[in-house]
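# Observations on the model geometry
Given next are the chains, with one letter for each unit.
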Amino acid sequence: MAASSARALASGAAPLLSIGQVLARLTPDFPDLTPSKLRFLEEQGLVSPARTESGYRKFAAGDLERLRLILSMQRDHYLPLKVIRAYLDDLDAGLSPTLPGGATPGLTMLSAARRLSRDELIRDAGASAALMHDAVSASIILPADYYGENVLLVLRALVELQRSGIEPRHLRGFRGAAERELGLIESALVPQARRKDASSRAKASEMAVEIAGQLEVVRSSLIRSALGRLTK
């Protein structure tokens, strides 16, 4: 990515983005993204923006796509940076890598993420307005002006669950469970959070994703074990 940024910077063939412009494009879908996290990802060698003569970072379109891919892999797959780095290394080498578990990030990660209005979300999910209302009332979906792909996946899941007789009100405990997991993560991050420098804040964000991923492994294992008992 550094080469593409450098070429664009030298030729002026494509517009390059400042950190502020990158944040403006990505934060609607990744609200936790900060300048310090961008710098942290650069320090970790995951993205390499070009530099002007004055030392300012400039991001090419390829850098923006790469950042979207990295952030999506963190958010949607709870992957630590070392796994993401290995995936990107293989991708840069012209390979077709898969993620742990056999998943392959979709092309939507590499293109501009969709932002859906409430009506568009309901339409694309094949849901009813009543189901959307119930999902918001049960705090399964939080109200917003626009929604991302992750909310679309949730609403589609609710449509399927409703066909099995499971309504959003039956899932109220999920929000409480999520809040309890968040409490565990916050407690684990206390030592790191006490440090006020930008690098430590970015590291805390990375640790939070890794811990969430491990909690997801435990939760999935418990559910699989319980399903095994149901079939005996």
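Cut-offs used in this document
Residues numbered from 1 in each chain as written. Predicted model: local features only at pLDDT ≥ 70, side-chain atom pairs only at ≥ 80, totals over all residues. Heavy atoms only, no water. Core = buried A, V, L, I, M, F, W, Y, C linked by side-chain atoms within 4.5 Å. Buried < 20%, exposed > 50% of the residue type's maximum accessible area, 1.4 Å probe, protein only. Helix = DSSP H or I, 4+ residues; strand = E, 2+ residues; numbered from the N terminus. Expected span 1.5 Å × (residues − 1). pLDDT = per-residue confidence, 0-100. Contact = heavy atoms within 4.5 Å. Axes fitted to C-alpha atoms, helices over the stretch in contact; angles between N-to-C directions. Parallel < 35°, antiparallel > 145°, perpendicular 65-115°, else oblique. Left-handed = near helix turned anticlockwise from the far one by under 90°. Nonpolar A, V, L, I, M, F, W, Y, C, P; charged D, E, K, R; others polar. Salt bridge = Lys/Arg side-chain N within 4 Å of Asp/Glu carboxyl O.

As named in an unreviewed UniProt entry, the chain is MerR family transcriptional regulator, taken from Cryobacterium melibiosiphilum.

### Re the nonpolar core
Counting 25 residues, the largest nonpolar core has V22, L26, L41 and L67 as its most contacted members. If you list the elements that add at least two residues to this core, you get α2 (19–26), α3 (35–43), α4 (61–77) and α5 (81–92). Core analysis: the next-biggest nonpolar cluster, separate from the first, contains 18 residues, L121, A127, I141 and L171 among them.

### Thoughts on α5
Taking 1.5 Å of rise per residue, twelve residues should cover 16 Å, and α5 covers 16 Å from first to last C-alpha, within 8% of that figure. Remark: G94 follows α5 within two positions and exhibits a positive phi of approximately 85°.

### Remarks on the confidence of the model for the chain
Close inspection of predicted coordinates is inappropriate for parts of the model with low pLDDT. The pLDDT averaged across the chain works out to 82; a share of 84% of its residues lies at or above 70. Helix α7 (residues 129–137) holds the highest mean pLDDT among the elements of the chain, 96, whereas helix α1 (residues 2–11) holds the lowest, 50. This model gives residues 106–112 a pLDDT under 50, and the stretch forms eleven contacts once residues within four places in sequence are excluded.

### Considerations on the packing of helix α6 (residues 118–125) against helix α8 (residues 149–163)
It is at 9 Å that the axes of α6 and α8 come closest, and there the two elements cross at 50°. For the element pair α6 / α8, the angle class is oblique. As for the relative orientation of α6 and α8, their crossing is right-handed in sense. Contacts between α6 and α8 involve L121, I122, D124 and A125 from the former and V151, L152, L155, R156 and V159 from the latter. Residues of the contact of α6 with α8, tallied by class, amount to seven nonpolar, no polar and two charged.

### Section: α4
Its 17 residues give α4 an end-to-end C-alpha distance of 24 Å, which sits within 8% of 24 Å, the value for a rise of 1.5 Å per residue. All of the buried residues along α4 are D63, L64, R66, L67, R68, L69, I70, L71, S72, M73 and Q74. Where α4 ends, the next residue or the one after it, Y78, has phi of about 55°, a positive value.

### Topic: the environment of S36
Relative to the helices and strands, S36 is located in helix α3. Each C-alpha atom, one on S36 and one on S200, is 9.0 Å from the other, the two residues being 164 residues apart in sequence.

### Some words on the environment of S48
Take S48: it is sitting in the loop between α3 and β1 (50–51). Residue S48 is classed as partly exposed on the basis of its relative accessible area of 29%. The spacing of S48 and F59 is eleven residues in sequence and 8.2 Å in space, taken between C-alpha atoms.

### Overview of unusual backbone geometry
With glycine set apart, most residues show a phi of negative sign, and most peptide bonds adopt trans. The backbone of S139 shows a phi angle near 65°, a positive value even though the residue is not glycine. Among the secondary structure elements, S139 is positioned in the loop between α7 and α8. By relative accessible area, S139 is classed as partly exposed at 30%.

### A few points about the pattern of salt bridges
The full count for this structure, using the stated rule, is eight salt bridges. A salt bridge links E181 to R219; the nearest nitrogen and oxygen atoms lie 2.6 Å apart. Placement of the pair is E181 in helix α9 (residues 172–188) and R219 in helix α11 (residues 198–230), with a sequence separation of 38 residues. On the basis of relative accessible area, R219 is assigned to the partly exposed category, the value being 30%. Here the residues in one salt-bridge network are E42, R51 and R57, joined through shared partners.

### Concerning the packing of α3 against α4
Packed helices, taken two at a time, are described by their axes: the angle between them and the distance between them. The interhelical angle for the contact between α3 and α4, taken along N-to-C directions, is 100°, at an axis separation of 12 Å. Taken as axis vectors, α3 and α4 run roughly perpendicular relative to one another. From α3, K37, L38 and L41 reach across to α4, where they touch L67, I70, L71 and Q74. Here the residues of the contact of α3 with α4 sort into five nonpolar, one polar and one charged.

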